[in-house]
Amino acid sequence: MNGDCIFKDDMPNILDYIEEADMIVFATPIYYFGFSAQIKSAIDRFYSRNGRIQSKHLKSVFIATAWNDDEVVMSGIKKHIDILIDYLNLDNQGMILAKGYGYPGASTEKYYKEEAYHLGKRV
Ligand SMILES: Cc1cc2nc3c(=O)[nH]c(=O)nc-3n(C[C@H](O)[C@H](O)[C@H](O)COP(=O)(O)O)c2cc1C
């Protein structure tokens, strides 16, 4: 924690951008009721900068999409996001938890796009 990451790849460059940013937007499909492994592995790499990220009180937005349309589908990730916001001391600007995308045309019929648009305008 709070030192150079031992993995020498491109992620430290991305973490530099995150430290300079005013806001971070997390966007993921729902995979087995949680984050996709790709975004989770990026979040895991925050570990070397935890203290610096926490001290910035970065604005954040979370966007997730799911195939299913039932109540339970977002319940796990919602809890996880809440804990992450608290732990990383993020300044939550909003979440779009878009469910029911399991058929062609869903993205034009559903109202989540408008929700995302208004959230984007607001921040
Ligand atoms: C490995 C995998 C796991 C998934 N798990 C879920 C799930 O638990 N619940 C759900 O509603 N959708 C699940 N999905 C569907 C994705 O959430 C859905 O495909 C995505 O939100 C829409 O993005 P797409 O149009 O790129 O597929 C899963 C998809 C994959 C590939």
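As a starting point, this report considers the structure included with it. Here the structure is a predicted model, which is why all the values come from computation and not from measurement.

**Focus on the site of the ligand**
Stage number 1. Close to the ligand lie Pro29, Ile30, Tyr31, Tyr32, Phe33, Thr65, Ala66, Trp67, Asn68 and Val73, which account for all nearby residues.
Stage number 2. Interatomic distance of 2.9 Å between a backbone N/O atom of Tyr32 and a nitrogen atom of the ligand.
Stage number 3. Between Asn68 and the ligand, the recorded distance is 2.8 Å, taken from a backbone N or O atom to an oxygen atom.
Stage number 4. Starting from 620 Å² of accessible surface for the ligand in isolation, the protein chains cover 57%.

**Digging into the pattern of salt bridges**
Stage number 1. Tallying each qualifying case throughout the model produces 8 salt bridges.
Stage number 2. The shortest N-O distance in the salt bridge between Glu19 and Arg52 comes to 3.1 Å. With Glu19 in helix H1 (residues 11–20) and Arg52 in helix H3 (residues 50–56), this residue pair connects regions lying 33 residues apart in the sequence.
Stage number 3. Classification of Glu19 as partly exposed rests on a relative accessible area of 22%.
Stage number 4. Ionic contacts of the salt-bridge type, sharing partners, join the residues Asp16, Glu19, Arg49 and Arg52 into one network.

Calculation rules
- Residues numbered from 1 in each chain as written.
- Predicted model: local features only at pLDDT ≥ 70, side-chain atom pairs only at ≥ 80, totals over all residues.
- Heavy atoms only, no water.
- Near = heavy atom within 4 Å.
- Polar contact = N/O pair within 3.5 Å; in protein donor to acceptor, adjacent residues only side chain to side chain.
- Areas by Shrake-Rupley, 256 points an atom, 1.4 Å probe, with all protein chains shown as cover.
- Salt bridge = Lys/Arg side-chain N within 4 Å of Asp/Glu carboxyl O.
- Helix = DSSP H or I, 4+ residues; strand = E, 2+ residues; numbered from the N terminus.
- Buried < 20%, exposed > 50% of the residue type's maximum accessible area, 1.4 Å probe, protein only.

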